[in-house]
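So the chains spell out like this:
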Amino acid sequence: MKQTIEYIIVCCIGLIFSIPVAFKIVVSVFTQGLKTIKGVNYRSRPRILTDPRFGKSSYLHLKDITLHCIENGDPRKPLLLLVHGFPEFWFSWRHQLDSDLAKNYRIVAIDMRGYGDSDKPRGVENYRIEKLVEDIRQAINALGYDKCYLAGHDWGGVVVWSFAMAHPGMVTKLAVLNCPHPVAFQTYIRSNLTQFLKSWYMFFFQLPCFPEWLITRQDLVSMDIALKGVVNQQELDAFKYTFSSATALTGPINFYRAAFRYPRRGAEGGSRKQLTVPTMLVFGANDKYITQEAAKLSGKYCSQMEFQLVPQASHWVQQDAPDQVNRLLIRFFGSSSGGEDDSGDDLRESATTAVRRGLDAAKDIKDGVREDVGQLLDDLSEH
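These remarks concern the structure in this document. (Residues numbered from 1 in each chain as written. Predicted model: local features only at pLDDT ≥ 70, side-chain atom pairs only at ≥ 80, totals over all residues. Heavy atoms only, no water.)

**As for the packing of helix α9 (residues 210-226) against helix α10 (residues 233-242)**
Alright, step 1. Look at α9 against α10: their axes get within 10 Å of each other, and the N-to-C directions meet at 125°. Between α9 and α10, the crossing angle belongs to the class labelled oblique. Of the two elements, α9 crosses α10, and the hand of that crossing is right-handed. On α10, the residues touching D219, L220, M223 and D224 of α9 are L236, F239 and K240.
Alright, step 2. Looking at the contact of α9 with α10 residue by residue, the classes come out as four nonpolar, no polar and three charged. (Axes fitted to C-alpha atoms, helices over the stretch in contact; angles between N-to-C directions. Helix = DSSP H or I, 4+ residues; strand = E, 2+ residues; numbered from the N terminus. Parallel < 35°, antiparallel > 145°, perpendicular 65-115°, else oblique. Left-handed = near helix turned anticlockwise from the far one by under 90°. Contact = heavy atoms within 4.5 Å. Nonpolar A, V, L, I, M, F, W, Y, C, P; charged D, E, K, R; others polar.)

Shown next as structure tokens:
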């Protein structure tokens, strides 16, 4: 009963947040015409999605679902599993797939259920956290491993935090990007008004249909705003292509709906909140969704966690500061032998840095600050 009442309150908050958005859309229709509510344009599959630099495409046939993934590196090496966030897919890890990480690891970047070329089951209940955690467990086994190095960003961070708490023996080391420990975030959002307001979209996403329509209108102009300065036009087309179908956003938004509708602590290890897996939390300093205080609070729930702040980086830290993130991952994960012998870490890091600088001189490094989600949707409604 208590859970039902809490969810009703959450939906009411979401409805309140939707009122100014809806009002601005109505005003834009009267002032700018029907162009402000047009849908998605047709586009063919961008060639960059099949670029061999990122690795090969394959599918993992799990018990109840099939997940798409891209893998690179030597299949005889330890597994490094990468889990994306919202609204992304495997492509958000392209800079890590095509990096020195592939020399020491078999890197696999998955499309989570509901995303990209993975299965998209219907129903909010199919996106409960325990199902997402089970997908990771089965994916590791399907790839032929019983443990792995694990990294997650944004919603992928929520999943990998939860997985490491539920199955610590299957994680050698954990790297989380711009996502606080779930318990730390739940605690902080209840006590901090700034974080509550930054997270307003989570409540807004509880509404049916409206969030999907709002994001996809005007040919996914929300993607233009969200990824401005982070991706080039070719990369932007890849994101728009992936989220251009009629149901492409329902699964991803159902992650948020399920989180409120089916709150469950069992997938986070029950009452065992202290994570024992060696953990690194990488945080883009200019994240406009999550405060640094919420992220730093994560250390309270980890027995060994290092916090790495990336100056000038946004929420999309592995995309707009890829070289710094890659260096951090290479140093933290250590050698391919499992990271137990760290005596050569400094030497490896120096050599890696020198090589990367030579390669990066020929690349176009793009730095940008992402618009806040709330500002994004508000600005979007003014178009």
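Structure shown, so let's carry the discussion forward.
**Regarding the pairing of strand β2 (residues 66-72)**
Alright, step 1. Among the seven residues in β2, six count as buried, and that is most of the element.
Alright, step 2. The sheet contact formed by strand β1 (residues 56-61) and β2 spans six bridges and is antiparallel. For L60, the partnering residue across the bridge sits in β2 and is L67.
Alright, step 3. Between the end of β1 and the start of β2, which pair antiparallel, lie four residues. (Buried < 20%, exposed > 50% of the residue type's maximum accessible area, 1.4 Å probe, protein only. Pairing = 2+ DSSP bridges.)

**Regarding unusual backbone geometry**
Both trends apply: most residues other than glycine have a negative phi, and most peptide bonds are in trans.
Alright, step 1. For the peptide bond that leads from F86 to P87, omega is -10°, which places it in the cis range.
Alright, step 2. Within the secondary structure, P87 is located in the loop between β3 (79-83) and α2 (94-97).
Alright, step 3. Residues other than glycine seldom take positive phi values, yet N178 does so here, at roughly 50°.
Alright, step 4. Tracing the backbone shows N178 in the loop between β6 (171-177) and α6 (182-191).
Alright, step 5. On the accessibility criterion, N178 (0% relative accessible area) is buried.
Alright, step 6. The phi angle at D219 is positive, at roughly 55°, despite the residue not being glycine.
Alright, step 7. As for its position among the elements, D219 is in helix α9.
Alright, step 8. You can call D219 buried: its relative accessible area is 9%.

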